[in-house]
Every structure is written in C-alpha cells, then in structure tokens.
Amino acid sequence: MNPINKKNFLTTICVVYTILSVVITIVEAVEHKGINASQFNYMCCLYLCAVGTFVLSLTYRLERFSMLTVMIIQYVLALVLIFGAMWILGHFVEVNKNGPMEMWRSFTIPYVILAAAYYMELRRETKKQNEMLAQIKEKKQEEEIK
C-alpha cells in the first residue's frame, strides 16, 4: 500500500468511504434479513458506477474503431449490462413498470457528462503523447543526419 499524500488523499477518502458504505449496507441487510429502499438505491448506484467505469475502461481495447463507434459500443454495452441486471432482478422482486425508463435516465445523464469529460481528457492525453512521439522521431532523424 502506498503512503497517503497530497496526490492520493482525495482518492483514498473516496475508496475508504465506498468500502465502508458497502460493508455497512451489507451488514445492515444481513442483520435485518432484508434490504430497504435506501440500501437498494445505494447498491444500485454502486452497480451503475461499476458498469460505467468498466465500459469506459474498454476504450483501449477498442482503439481499432473510430472514437464515435467506441462511444456507441460502450454505451450500448452499459445499457445491456444494466437492463440485463434489471431483468434478472425482476425474477426475484417486482420491478416498477417505469423502472427501466427511470434506470435509463438515472444512468444516462451522469454517464454522458462523465464520459464526455473522460473522452476529452483521453483526447488531450493522446494529443500530448503524439506530440512527444513526434519530438522523439524528430530528434532521432537529426541524430541520424549527423
């Protein structure tokens, strides 16, 4: 484990908070032999975050496709995972008839905003790396000429 410093302080807080919250939610659900709406919403939010993070992590595996195609593939995959989980859940509990629409809205709005920020940062990093690569190639050509 790395020591906590300025660079990872906020990340450490977020990770510890998430772990604590999940453990507390699970313990409470086990103790009360059931899960209440608040606990369900919390675990659902965790699942949506995991799905969003997972599909965005696939960006590098899909680099042979255009960026627009990657965005569409990732979004559709996320929806398949979310609605698939809802379908499975529907076999155990009653799902509101508006549930899929509410889940779509609850996921899509933050996903679009955060994915856009991720893609912009990814584009900036790629541009920066391409510039560095061009500089290295330029220096290498200069050295070969000498």
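Residues numbered from 1 in each chain as written. Predicted model: local features only at pLDDT ≥ 70, side-chain atom pairs only at ≥ 80, totals over all residues. Heavy atoms only, no water.

1. Some details on a nonpolar patch on the surface
As a reminder, the rule being used: Like-charged residues within 9 Å of one another, or nonpolar side chains (Val, Leu, Ile, Met, Phe, Trp, Tyr) within 5 Å, are grouped into patches, provided each residue has over 30% relative accessible area and no salt bridge. Per-residue accessibility takes into account occlusion by the displayed protein chains alone, with areas from the Shrake-Rupley method and a 1.4 Å probe. In the sections that follow, a salt bridge refers to a side-chain nitrogen of Lys or Arg positioned within 4 Å of a carboxyl oxygen of Asp or Glu. Numbered from the N terminus, helices here are DSSP runs of H or I no shorter than four residues, and strands are runs of E no shorter than two. For every residue, the accessible area obtained with a 1.4 Å probe (protein chains only) is divided by the maximum for its type, and the residue is called buried under 20%, exposed over 50%, and partly exposed between those limits.
On the surface, a nonpolar cluster with roughly 520 Å² of combined accessible area is contributed by M67, L68, M71, I72, V76 and V80. Positionally, V76 belongs in helix 3 (residues 67-89). A relative accessible area of 43% means that V76 is categorised as partly exposed.

2. As for the packing of aromatic side chains
The test is simple: Any Phe, Tyr or Trp ring, taking Trp's six-membered ring, that has another such ring centre within 6.5 Å forms a pair; planes under 30 degrees apart are called stacked, those over 60 apart edge-to-face, and the others tilted.
With the rule as written, the count across this model stands at three aromatic pairs. Judged by centre distance (4.9 Å) and plane angle (25 degrees), the ring pair of F107 and Y111 falls under stacked. With F107 and Y111 both in helix 4 (residues 99-145), this residue pair falls four residues apart, about one helical turn. Classification of F107 by relative accessible area gives buried; the value is 4%. Counting every residue linked through ring pairs, the aromatic cluster contains Y75, F107 and Y111.

3. A look at the pattern of salt bridges
Scanning all chains against the criterion turns up two salt bridges. For R124, the salt bridge identified is with E121, shortest N-O distance 2.7 Å. With R124 and E121 both in helix 4 and three residues apart, the pair spans about one turn of that helix. For E121, a relative accessible area of 37% translates into the label partly exposed. A salt bridge links E125 to R124; its shortest N-O distance comes to 3.4 Å. Look at E125 and you get partly exposed, because its relative accessible area is 27%. Taking the relative accessible area as the measure of exposure, R124 reaches 45% and is therefore partly exposed. Each of E121, R124 and E125 takes part in one network of salt bridges that share partners.

4. Digging into unusual backbone geometry
The backbone of K33 sits at a positive phi, close to 55 degrees, despite the residue not being glycine. Locating K33 in the fold gives a position in the loop between helix 1 (9-31) and helix 2 (37-57).

5. Let's talk about the environment of V55
Definition in use: Whether two residues are in contact is decided by their heavy atoms, any of which lying within 4.5 Å being enough.
Turning to its location among the elements, V55 is positioned in helix 2. Here the alpha-carbon distance between V55 and L81, two residues 26 residues apart in the chain, equals 9.7 Å. Residues within four places of V55 in sequence aside, it is in contact with Q74, L77, A78, L81 and Y111.

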